[in-house]
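Chain residues, written in single-letter form:
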Amino acid sequence: MAVLLGGLAMLGPISIDIFLPAIPSMAQDLGVSIGNIELTLTAIFTGIAFGQIIYGPLSDRFGRKPIILVTLFLFGVSTIAVAQANTWEPILIWRFIQGVLLASGRIIANAAARDQFKGELLGRLLSLVFIVSVSASVFNPLLGGILITYFSWQSVFLVMTFYASCLFLAVFFFFDETLVEKNKSALNPIDLLTNFGSILKNREFFICMLSGGFGISGFVAFLSSSSGVAKTVFNLEAQTYSFYFAGVISVLLIVTYISSLFVNKIGMHPLIIAGSILQALGGGCMLLFNYIGTPQPWAIFAPMAIFVVGFSFVWPLSAAKALTPFQRLSGTASSLLGFLQNLMGALVSAVLAVMIDGSALPMAIAIAISGVASAFTYILFATRPNTEY
């Protein structure tokens, strides 16, 4: 189940990470600035945010399996459309559509996990799902760097089409429906707004959403800007950048696996606190190094490795803690969580695309603020559960 749900959650990393080494090449080929290409990442993050708000209720109403099959088919169509585009504007539109479609992967993975588990067991499963999905991020940039070196940027999107096709077949043959009882009123507008309101009133959901959302914002800042910074500030080629990026993601993968082994013994609450502190430390170090003008790539990649160690605790475990109180509304709660957190990330991505100035400082400021805000929110306002859920 962890492998299959991780494959669904991997749809996002496949669509983003493999694309990052292609950003400078796309800008040159299309005759636009790197900032314009980075706006396509803003488009996909915005699409993910708005897509996530609909898939929870849809899957609560019709089941997890039929919704993911439809979105996988349409996602494959959208990747072909991007590969056929020869100007920037349609790519921006199609990337937004891709974001809307790929949002189904993580939402349904989270909801399917909540259908079967709760509490610390849910935290462990979501950590394992996170491991499977992130594992692709180690190889995606390397693959993207190879494709850009030997082929055109369009090949990146054809690989996305191939992955979506394989995942469609895997879900069709191996995914067993996890929703026991469909909620026939899940799409009723009044009930939907009422459900969203009741979920937001839950203190733990709201605090975990904010803390995890700030963590996502810092990670999105790195995803959106690191490729352009690597090229303009450090003059790294796509292949070299992909190795640095893979190193950071490898740290994320290893630490997430370790945390999944100990979450049952230690508990989610102390691990989230430790993770939020590490996020703040990593962001602060990156800001310091770039403020004093350290002219080496490690000035962004080493602090980001510290940040992602914390992120590997904060993101999956805060999501599990936020979703645990909601069994009947697990899909709706997962949608609302994903919508709000990805909207936070999209806003950061948009600001960075506009604020690009040829230096690493804007990215470092965004990551530092995100890390500190994540720690501040959780440590001051979250509470340790009195009982196990």
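Residues numbered from 1 in each chain as written. Predicted model: local features only at pLDDT ≥ 70, side-chain atom pairs only at ≥ 80, totals over all residues. Heavy atoms only, no water.

Here the focus is the layout of surface pockets. The calculated volume of the largest pocket comes to roughly 250 Å³. Surrounding the largest pocket, 13 residues form its lining, Leu179, Val180, Glu181, Gln327 and Arg328 being those nearest its centre. For the lining of the largest pocket, the class distribution of residues is two nonpolar, four polar and seven charged. Taken as a whole, the second largest pocket encloses approximately 210 Å³ of empty space. As for the second largest pocket, its lining consists of 15 residues, of which Pro21, Pro24, Lys231, Glu237 and Ala238 are closest to the centre. When contributions to the lining of the second largest pocket are tallied by element, the ones reaching two or more residues are α3 (23–30), α7 (119–150), α10 (203–232) and α11 (238–266). Class assignment for the residues of the lining of the second largest pocket results in eight nonpolar, five polar and two charged. (1 Å grid on protein atoms, 1.4 Å probe; cavity = no way out; pocket = protein on both sides within 12 Å on 5 of 7 lines; lining within 4 Å. Points joined across faces, edges and corners; volume = space filled by probe spheres on them. Nonpolar A, V, L, I, M, F, W, Y, C, P; charged D, E, K, R; others polar. Helix = DSSP H or I, 4+ residues; strand = E, 2+ residues; numbered from the N terminus.)

Here we come to the nonpolar core. The biggest cluster of nonpolar side chains holds 124 residues, and the ones touching the most others in it are Met26, Phe45, Phe157 and Met304. Looking at this core element by element, the count peaks at 13 residues for α7. For methionine 304, the contacting residues outside a window of four places in its chain are Gly218, Phe219, Phe222, Val248, Met286 and Ile367. (Core = buried A, V, L, I, M, F, W, Y, C linked by side-chain atoms within 4.5 Å. Buried < 20%, exposed > 50% of the residue type's maximum accessible area, 1.4 Å probe, protein only. Contact = heavy atoms within 4.5 Å.)

With respect to the helices and strands, serine 226 occurs in helix α10. Note on serine 226: relative accessible area 0%, which makes it buried. For serine 226, the side chain forms a polar contact with the main-chain oxygen of phenylalanine 222, separated by 2.7 Å. Setting aside its immediate chain neighbours within four residues, serine 226 contacts Ala221, Tyr241, Phe245 and Met363. (Polar contact = N/O pair within 3.5 Å; in protein donor to acceptor, adjacent residues only side chain to side chain.)

Here we take up the pattern of salt bridges. Applying the stated criterion across every chain, the model contains three salt bridges. With a closest N to O distance of 2.8 Å, arginine 64 and aspartate 60 form a salt bridge. Each member of the pair arginine 64 and aspartate 60 is classed as buried. Glutamate 237 serves as the salt-bridge partner of lysine 231, at 3.6 Å between the closest nitrogen and oxygen. The exposure class assigned to lysine 231 is partly exposed, which follows from its relative accessible area of 28%. (Salt bridge = Lys/Arg side-chain N within 4 Å of Asp/Glu carboxyl O.)

Looking now at the packing of aromatic side chains. The final tally for this structure, using the stated rule, is 15 aromatic pairs. Each ring, one from phenylalanine 172 and one from phenylalanine 173, has its centre 5.1 Å from the other, and the planes form 85°; the classification is edge-to-face. The class of phenylalanine 172 is partly exposed, set by a relative accessible area of 43%. Under the relative-accessibility criterion, phenylalanine 173 is labelled exposed at 56%. Relative to tryptophan 315, the ring of phenylalanine 311 lies with its centre 5.2 Å away and its plane at 25°, an arrangement referred to as stacked. Of this pair, phenylalanine 311 and tryptophan 315 both sit in helix α13 (residues 298–323), separated by four residues, roughly a single helical turn. An aromatic cluster is present here, built from Phe222, Tyr241, Tyr244, Phe245 and Phe301 joined pairwise through their rings. Of note, lysine 65 hangs over the ring of phenylalanine 172, and the distance from its end group to the ring centre comes to 5.8 Å. Seen from the ring of phenylalanine 19, arginine 95 lies directly overhead, with NZ or CZ sitting 4.5 Å from the centre. (Phe/Tyr/Trp six-rings, centres within 6.5 Å; stacked < 30°, edge-to-face > 60°. Lys NZ or Arg CZ within 6 Å of the ring centre and 35° of its normal.)

Scanning all chains against the criterion turns up two cavities of 30 Å³ or more. Here the largest cavity is characterised by a volume of approximately 530 Å³. Surrounding the second largest cavity, 13 residues form its lining, Ser225, Val229, Ile356, Asp357 and Ser359 being those nearest its centre. Put simply, the parts of the chain that give the lining of the second largest cavity at least two residues each are α10, α14 (330–355) and α15 (361–381). Considering each element in turn, the lining of the second largest cavity owes the most residues, four residues, to α10. By residue class, the composition of the lining of the second largest cavity is six nonpolar, five polar and two charged.

For any two helices packed against each other, one specifies the inter-axial angle together with the distance between the axes. Closest axis-to-axis distance for the helix α12 (residues 268–291)/α13 pair is 7 Å, and the angle between their directions is 155°. Classified by the angle between their axes, α12 and α13 sit roughly antiparallel to one another. Every pair of crossing elements has a handedness; the one defined by α12 and α13 is left-handed. Considering only residue class, the contact of α12 with α13 consists of 22 nonpolar, nine polar and one charged. (Axes fitted to C-alpha atoms, helices over the stretch in contact; angles between N-to-C directions. Parallel < 35°, antiparallel > 145°, perpendicular 65-115°, else oblique. Left-handed = near helix turned anticlockwise from the far one by under 90°.)

A word on α12. With 24 residues, α12 extends 34 Å from end C-alpha to end C-alpha; this agrees with the ideal 34 Å at 1.5 Å per step. Among the residues of α12, those classed as buried are Met268, His269, Leu271, Ile272, Gly275, Ser276, Gln279, Ala280, Gly282, Gly283, Met286 and Asn290. (Expected span 1.5 Å × (residues − 1).)

In regions of low pLDDT, the predicted coordinates are not meant to be interpreted in detail. Considering every residue of the chain, the mean pLDDT works out to 85; 97% of them sit at 70 or more. In the model of the chain, α7 stands out as the element of lowest mean pLDDT, 77, in contrast to α15, which has the highest, 93. (pLDDT = per-residue confidence, 0-100.)

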